[in-house]
Amino acid sequence: MGLAPFDKDTSVQTIVDHREEEIPSLGDAQKNVPASLNAVFCRMVAKDADDRQQSMKAVHAELLACGVVADAEFHARGPHTITADSVPTMLVRRRRLPRWTIGLSLAGLAVVTLAVIGAMLLSPRSSQRDVAEWIIRAGGMVEVDSEFGSQQFTRGEQLPKEDFDVIGIDLTQASVGSIKSLAALTELQWLSAMDVSFEQQQFRDLAQLKQLVVLQLPSCSIGDEDLKPLAEMRQLESLDLGDNPITDEGLKHISQLSKLTLLYINDTDISDVGALELQRLTALEDLDLSWTNVTGIGIRHLRSLKHLTDLELQGMTISVEDVASLAELKQLSYLVLDACDIADEAMGKLSDLQGLSSLFLDGTNLGDGGLAELVTLQKLEQLDISNTNVTLTG
């Protein structure tokens, strides 16, 4: 099977080796490789582009001279075309290779070459192990479920020898091009990627992962247009899109995900108009609207979310009337109002939230009078009043 020429502990070390070190010869991986074939390969992967063959036809001509590919086969199959979109960089393709004694087709040589220069193209029929190794080699992490339970891995040699299913993927540190091969992961439940730039085609491929229930894509430069294909993922239950340039238009797509129980859209550009779209997500239990353009008007739109238990509203200006609206969410147990402009007299309205167990008021102008209003919250177990105006008397 294909081997990477350089396989170091980190992606940075691997990249440096690709730049500085000589590419190993095919003979290092397969002892009976003909010298003429190895010479063709060495020209194909030469570091100086002027030293390489300038076309696949030139490669084919040299292979004919080596006697490892038939002319009729080339014309029947055509050159093996690899596009930038379909080949993830710094990866290895895992597949069986023909024996050298019976020759090597041009397509087979293209596969070997791509493996040696660190690239890989997986088909949708790739096995769970193939895809897991591909993700790890790209710098990602996988969570697998085997007879030994659920485990997470960042090194291929650590993967269980027994059969397993990949149930989770973290691509935060990965360099992945095409993600179509994730379709082979029939048991995949969650996917996470932070600070990763996705292209439109990759979002369309993501939308085909109908088995996903958790998708975390914070800080991925996702815009409203990118959310169109994600609206097809009606099975999603948890979605994190925090710190992305999403506006009210994008929430029109998100509001179609009726099974969502968790939605993080903090640090986005949504406003009260977008908050109105949230009324359609009646299953929501956990919502983060911190540091958005939502005001008290938008907060009032949330009153119809009868299952909402966790709510984060950091950085807002909240009036007494707004708090009264929050008080209608009787099921709230976790409320974050850090850095909010909220008056002491509004605290009295929070006393209606008798199910509240956690309340965060860090960085507010809460004073002793407001703190006194909270004594009626009998179930309160966690209270953060750091950086407020509360005194020792309070």
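It should be emphasised that the depicted structure is a prediction, and the values quoted were computed from it without experimental measurement.

1. Topic: the overall build of the protein chain
On a plain count of helices and strands, the protein chain comes out with 15 helices and 14 strands. When each of the 394 residues of the protein chain is scored for burial, the buried share is 48%. When contacts within the protein chain are restricted to residue pairs at least 6 apart in sequence, those whose partners lie at least 24 apart make up 54%.

2. Here's the deal with unusual backbone geometry
Positive phi is not limited to glycine here, since S221 has a value of about 55°. Residue position: S221 is located in the loop between strand 5 (214–216) and helix 9 (227–230). Even without glycine at this site, D267 takes up a positive phi of about 55°. Relative to the helices and strands, D267 is located in the loop between strand 7 (262–264) and helix 11 (272–277).

3. Comments concerning the pairing of strand 2 (residues 149–153)
Pairing analysis gives 5 bridges linking strand 1 (residues 141–146) to strand 2, with the strands arranged antiparallel. By the bridge assignment for strand 2, S146 is matched with G149. With antiparallel pairing between neighbouring strands as the criterion, strand 1 and strand 2 make up a hairpin whose turn holds 2 residues.

4. Re the side chain of H253
Tracing the chain through its elements places H253 in helix 10 (residues 248–254). Owing to a relative accessible area of 14%, H253 belongs among the buried residues under this scheme. Beyond its immediate sequence surroundings of up to four residues, H253 is in contact with D224, L227, K228 and A231.

5. Some remarks on the nonpolar core
Core analysis: the largest hydrophobic core is formed by 81 residues, its most contacted members being L182, L217, I254, L263, L287 and L311. Of all the secondary-structure elements, those providing two or more residues to this core are helix 7 (128–137), strand 1, strand 3 (165–170), helix 8 (200–207), helix 9, helix 10, helix 13 (320–326) and helix 14 (347–350). Broken down by element, this core gets its largest block of residues, 5 residues, from helix 7. The next biggest cluster of nonpolar side chains, apart from the first, holds 10 residues, and it includes V33, F41, V45 and V59.

6. Things to note about the environment of L227
Relative to the assigned elements, L227 resides in helix 9. On the basis of relative accessible area, L227 is assigned to the buried category, the value being 2%. Leaving out residues up to four positions away in the same chain, L227 has contacts with I222, L241, I246, G250, H253 and I254.

7. Overview of the sheet that holds strand 7
Pairing between the strands of a sheet comes from backbone hydrogen bonds, and it takes one of two forms, parallel or antiparallel. With respect to topology, 12 strands assemble into an open sheet ordered 2-1-3-4-5-6-7-8-9-11-13-14, the strand pairing being mixed. One side of each edge strand has no neighbouring strand; the edge strands of this open sheet are strand 2 and strand 14 (382–384). Along the sheet, successive strands turn relative to each other by an average axial angle of 10°, direction set aside. When strand 6 (residues 238–240) meets strand 7, the two strands line up parallel, connected through 3 bridges. Of the residues in strand 7, the one forming a bridge with D240 is Y264.

8. Details of helix 3 (residues 35–44)
Along an α-helix, residues three or four apart share an orientation, since each turn contains 3.6 residues. Residues of helix 3 that are buried: L37, N38, V40, F41 and M44. Projected onto a plane normal to the axis of helix 3, the buried residues spread over an arc of 155° and lie on a single side.

9. Concerning the pairing of strand 3
As a general feature of sheets, a regular strand has side chains that alternate between the two faces. Two elements, strand 1 and strand 3, share 5 bridges in a ladder whose sense is antiparallel. Bridge assignment links M141 to a residue of strand 3, and that residue is D170. Here 3 bridges tie strand 3 to strand 4 (residues 190–192), and the two strands are oriented parallel to one another. Within strand 4, the position partnered with D170 by the bridge is S192.

10. A closer look at the packing of aromatic side chains
Evaluation of the coordinates by the stated rule reveals 2 aromatic pairs. Taking the centre distance of 5.3 Å and the plane angle of 55° together, the rings of Y334 and F360 count as tilted. Residue Y334 is located in strand 11 (residues 334–336), and its partner F360 is located in strand 13 (residues 358–360); the two are separated by 26 residues in the primary sequence.

11. Comments concerning the pattern of salt bridges
For the coordinates displayed, the defined rule picks out 6 salt bridges. Where E328 meets R303, a salt bridge forms, and the shortest distance between an N and an O atom there is 3.4 Å. Of this pair, E328 sits in the loop between helix 13 and strand 11 while R303 sits in the loop between helix 12 (296–300) and strand 9 (310–312); the two residues are 25 residues apart in sequence, bridging distant segments of the chain.

12. Topic: the confidence of the model for the protein chain
For the protein chain, the mean per-residue pLDDT works out to 80, and 76% of the residues sit at or above 70. This stretch, residues 70–125, has a pLDDT under 50; its non-local contacts, to residues over four places away or in other chains, come to 126 contacts.

Conventions and cut-offs
- Residues numbered from 1 in each chain as written.
- Predicted model: local features only at pLDDT ≥ 70, side-chain atom pairs only at ≥ 80, totals over all residues.
- Heavy atoms only, no water.
- Helix = DSSP H or I, 4+ residues; strand = E, 2+ residues; numbered from the N terminus.
- Buried < 20%, exposed > 50% of the residue type's maximum accessible area, 1.4 Å probe, protein only.
- Contact = heavy atoms within 4.5 Å.
- Pairing = 2+ DSSP bridges.
- Core = buried A, V, L, I, M, F, W, Y, C linked by side-chain atoms within 4.5 Å.
- Axes fitted to C-alpha atoms, helices over the stretch in contact; angles between N-to-C directions.
- Arc of directions from axis to C-beta.
- Phe/Tyr/Trp six-rings, centres within 6.5 Å; stacked < 30°, edge-to-face > 60°.
- Salt bridge = Lys/Arg side-chain N within 4 Å of Asp/Glu carboxyl O.
- pLDDT = per-residue confidence, 0-100.

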